[in-house]
Amino acid sequence: MTIQDSKWGFQYSPYVYYNEHCIVFNSRHIPMKIEHGTFCKLFDFVKQFPHYIVGSNADLPIVGGSILSHDHFQGGSYEFAMAKAPVEREFTVSGFEDVKAGIVKWPMSVMRISGPDSSRLIALADKILTSWRGYTDEDAFIFAETNGEPHNTITPIARKRGEFFELDLVLRNNITTEEHPLGVYHPHAELHHIKKENIGLIEVMGLAVLPARLKTEMEILADAIVNQRDIRADETIQKHADWVEEFLPQYSDISSENVMDILHSEIALVFSKVLEHAGVYKRNEA
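Now for a look at the structure at hand. (Residues numbered from 1 in each chain as written. Predicted model: local features only at pLDDT ≥ 70, side-chain atom pairs only at ≥ 80, totals over all residues. Heavy atoms only, no water.)

### Considerations on the environment of Ala 85
Topologically, Ala 85 is positioned in the loop between helix H2 (81-84) and strand S6 (87-91). Of the residues examined, Ala 85 reaches a relative accessible area of 9% and is grouped as buried. Residues Ala 85 and Ile 157 lie 72 residues apart in sequence; the distance between their C-alpha atoms is 14 Å. The residues touching Ala 85, leaving out its near neighbours within four places in the chain, are Val 104, Lys 105, Trp 106 and Arg 112. (Helix = DSSP H or I, 4+ residues; strand = E, 2+ residues; numbered from the N terminus. Buried < 20%, exposed > 50% of the residue type's maximum accessible area, 1.4 Å probe, protein only. Contact = heavy atoms within 4.5 Å.)

Printed below as a string of C-alpha cells:
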C-alpha cells in the first residue's frame, strides 16, 4: 500500500490480539520516530481504512512494547476501551479554536483532539508534541531530559468517528530511578507477579497483553485457593501470595466453579493499576 507517497507493507498479525489486528510497515528500514510525518501517515492510513483504528508505539525505550529499529504501526477493526472512554474536561488551544480538545477519563494521561479537517489535527498534534518533548514539571517528577537523555514522547492513536477525525495523544515518559530501575512510569515491582513487561500501544488502549506463564500459574493458584493449600510453599505461585492474601477476604464463598472468574476479575484490577503506574499525571486532585 501507499502511505504519504511511499511504499508500505500490510499484514495481519500472527498473534491476533484483537479483530483484524494488522501491522503496517515502511518498505524502507528506518527507525520509528514520533514526529509531524507520523501524524500525516496515521491519517493517510485512516482515510484509506476509515473503519480501522491505527496507532504507533512510542519512539523511546521502556515506554513501548515495540521494535524501535523499524518504522511501523498497528491497526485493526476493534473498539478499544480507551476509545469508549469519555472526555472529562474540554479545553481550547489558542489558534486552534476550530479543533475540539479535551482530557480523556483514563488511567493514563491522554489528550483527545477531533475535527473534520485532519490537517488541523496534525498541526495541533505537532504543537502538543513539541511542547511535551521539552516539558518539565519537577513537582510531578516529569523531566524532559536528564544528562542529555530525552524522556518525553507520545503514543498516538488515530480513528474516524462519523464525519470527524480523532487523535488520542498519550503522554509518555521513560525516566528511571534506583527505586524503579525499569521505569518510574512502568508497572512497579509489586505488580510484576502479573505484568513486568513494557506497556505498549495495545495495552495503553486498555487491552492487557499478559505473559503466557499466567495460564499455568492461575490453574495451580486456583487449585491451591480452593483446597486451602499454602501458596508460599509452592515455587511456581509463591510470588502471588501477597496479592491473594489482599483480595481473598473480599470473597465469602470461593469454589472450583467461581475461582477462575474471581482470578480473572482480580487480574483486571491489577492491570488497571499497571495503567495508573504508566500514567505521567495521576488521577488525583494534585
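### Considering the packing of aromatic side chains
Inspection of every chain in the model, using the stated rule, returns 15 aromatic pairs. Their ring planes at 85 degrees and their centres at 6.2 Å tell us that Phe 247 and Tyr 251 sit as a pair that is edge-to-face. Taken together, the ring pairs connect Phe 10, Tyr 12, Phe 45, Phe 49 and Tyr 52 into an aromatic cluster. The cationic tip of Lys 47 hangs over the ring face of Phe 165; the distance from NZ or CZ to the ring centre is 5.7 Å. The ring centre of Phe 165 lies 5.1 Å from the NZ or CZ of Lys 160, which sits over that ring. (Phe/Tyr/Trp six-rings, centres within 6.5 Å; stacked < 30°, edge-to-face > 60°. Lys NZ or Arg CZ within 6 Å of the ring centre and 35° of its normal.)

### Looking at the pattern of salt bridges
Scanning the entire structure with this criterion turns up 19 salt bridges. The salt bridge involving Lys 215 is made with Glu 219; its shortest N-O contact spans 3.6 Å. Taken together, the residues Lys 215 and Glu 219, both in helix H5 (residues 213-226) and four residues apart, mark about one turn of the helix. On the basis of relative accessible area, Lys 215 is assigned to the exposed category, the value being 61%. Of the residues examined, Glu 219 reaches a relative accessible area of 42% and is grouped as partly exposed. Counted as one network, the salt bridges with shared partners bring together Glu 79, Arg 112, Arg 159, Arg 161, Glu 166 and Asp 168. (Salt bridge = Lys/Arg side-chain N within 4 Å of Asp/Glu carboxyl O.)

### A few points about helix H3 (residues 118-133)
For H3, which comprises 16 residues, the first-to-last C-alpha distance of 22 Å matches the rise-based estimate of 22 Å (1.5 Å per residue) to within 8%. Among the residues making up H3, those that are buried are Ser 118, Leu 121, Ile 122, Leu 124, Ala 125, Asp 126, Ile 128, Leu 129 and Trp 132. Elements that come into contact with the buried residues of H3 comprise helix H1 (36-48), strand S8 (110-115), strand S11 (152-161) and strand S12 (164-173). (Expected span 1.5 Å × (residues − 1).)

### Examining the environment of Phe 143
Mapped onto the elements, Phe 143 comes out in the loop between H3 and strand S9 (145-146). The class for Phe 143 is buried, based on a relative accessible area of 18%. Between the alpha carbons of Phe 143 and Asn 173 there is a distance of 8.0 Å; along the sequence they are 30 residues apart. Leaving out residues up to four positions away in the same chain, Phe 143 has contacts with Tyr 135, Thr 136, Glu 138, His 151, Asn 152, Asn 173 and Ile 175.

### Regarding unusual backbone geometry
Even without being a glycine, Asp 5 presents a positive backbone phi close to 60 degrees. Position of Asp 5 among the secondary structure elements: in the loop between strand S1 (2-3) and strand S2 (6-12). On the basis of relative accessible area, Asp 5 is assigned to the exposed category, the value being 79%. Backbone geometry places Gln 228, a non-glycine residue, at a positive phi of 50 degrees. As for its placement among the helices and strands, Gln 228 is situated in the loop between H5 and helix H6 (241-247).

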